[in-house]
Amino acid sequence: MNLLIRPVRISDVQSIYRIMMQEQVMPYIISLPSDRLEQLEDRYRTLPKNVYEFVAEVDGDVVGNAGLVQLSARRSHAGTFYIAVDSNFHGKGIGTALMTKILDLADNWLMLERVELGVLATNPRAQALYERHGFVVEGKKRAAIRSAGEYVDEVVMSRLRPNGLLNRQV
């Protein structure tokens, strides 16, 4: 398997859309089955400067994407993280490779002190991935998201930059 993690391109949008619409992915992301490809194309054409996104490419095919949004003003030391991996590549290291790239950007380039995310309580594999990368549970938002006809809890997690300012204060 020839894996490449690289910045997203507008030409990747169809592959990202395909991943988002997969039955094994859709219940765990904040999208709707009615989302249109054109909406996603518009989003990628106008990504703000505080949004950083990468794709995972295996043998020339996009099989995952992950992003980091740096927050602003008094929260500019923090960012929010999101990820989606093609269901055919779950458990094959794609999520780990994307997280490693995003956390390197956050820690060593943007110098973010805090990265946070939300994961559905019904997605323990993703939560375990985040925990392996130093994320800890901060709390739970009860019935925060509708997914496949049910209300699902969202687990709030965060990670402080290793050896960062906030880690020294804790």
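Residues numbered from 1 in each chain as written. Predicted model: local features only at pLDDT ≥ 70, side-chain atom pairs only at ≥ 80, totals over all residues. Heavy atoms only, no water.

Core analysis: the biggest nonpolar cluster contains 28 residues, and Phe81, Ile83, Leu98, Met99, Tyr130 and Phe135 have the highest contact counts within it. Counting residues per element, this core draws most heavily on helix H3 (residues 94-109), which supplies eight residues. (Core = buried A, V, L, I, M, F, W, Y, C linked by side-chain atoms within 4.5 Å. Buried < 20%, exposed > 50% of the residue type's maximum accessible area, 1.4 Å probe, protein only. Helix = DSSP H or I, 4+ residues; strand = E, 2+ residues; numbered from the N terminus.)

On to the sheet that holds strand S6 (residues 136-147). Pairing is mixed in the open sheet, where seven strands are placed in the order S1-S2-S3-S4-S5-S7-S6. Looking at the sheet topology across the chains shown, the edges are occupied by strand S1 (3-7) and S6. Between one strand and the next, the sheet's axes are offset by a mean angle of 25°, whatever the strand orientation. Across three bridges, the pairing between strand S4 (residues 78-85) and strand S5 (residues 114-120) is parallel. Counted as the bridge partner of alanine 78 is arginine 114 from S5. Strands in contact with H3 are S1, strand S2 (51-58), strand S3 (61-70), S4, S5 and strand S7 (150-160); relative to S2, the strand with the most contacts, it is inclined by about 150°. (Pairing = 2+ DSSP bridges. Axes fitted to C-alpha atoms, helices over the stretch in contact; angles between N-to-C directions. Contact = heavy atoms within 4.5 Å.)

This brings us to helix H1 (residues 13-20). Taken as a whole, H1 has its buried residues at Val13, Ile16, Ile19 and Met20. For H1, the arc enclosing every buried residue in end-on projection is 125°, short of the 170-degree limit, so these residues lie on one face. Looking at the buried positions of H1, the neighbouring elements they touch are helix H2 (37-45), S2, S3 and S4. (Arc of directions from axis to C-beta.)

Counting through the fold element by element, aspartate 12 comes out in the loop between S1 and H1. A relative accessible area of 3% places aspartate 12 in the buried class. In this view, aspartate 12 contacts Arg6, Pro7, Val55 and Val62; residues no more than four positions away in its chain are not counted.

Moving on to the environment of arginine 36. As for its placement among the helices and strands, arginine 36 is situated in the loop between H1 and H2. Sequence separation of arginine 36 and tyrosine 17 is 19 residues, and the distance between their C-alpha atoms is 8.5 Å.

One can find valine 51 in strand S2. Looking at valine 51, the relative accessible area reads 14%, which means it is buried. In the structure, valine 51 is positioned 113 residues away from glycine 164 in sequence and 22 Å away in space, judged by C-alpha atoms. Discounting chain neighbours no more than four positions away, the residues touching valine 51 are Arg43, Leu68, Val69 and Tyr82.

By secondary structure assignment, the location of valine 156 is in strand S7. Residues valine 156 and alanine 121, spaced 35 residues apart in sequence, show a C-alpha to C-alpha distance of 9.6 Å. Excluding residues that lie within four positions of it along the chain, valine 156 makes contacts with Leu117, Val136, Val137, Glu138, Gly139 and Lys141.

This part takes up the layout of surface pockets. Rolling a probe over the atoms, with the probe sized like a water molecule, indicates the empty space that remains. Of the volumes computed, that of the largest pocket is approximately 1200 Å³. Along the wall of the largest pocket there are 45 residues; nearest its centre are Tyr28, Ile29, Ile83, Ala84 and Tyr130. Looking at the lining of the largest pocket residue by residue, the classes come out as 23 nonpolar, 12 polar and 10 charged. One number sums up the size of the second largest pocket: a volume of about 240 Å³. Split into classes, the residues belonging to the lining of the second largest pocket amount to eight nonpolar, two polar and one charged. (1 Å grid on protein atoms, 1.4 Å probe; cavity = no way out; pocket = protein on both sides within 12 Å on 5 of 7 lines; lining within 4 Å. Points joined across faces, edges and corners; volume = space filled by probe spheres on them. Nonpolar A, V, L, I, M, F, W, Y, C, P; charged D, E, K, R; others polar.)

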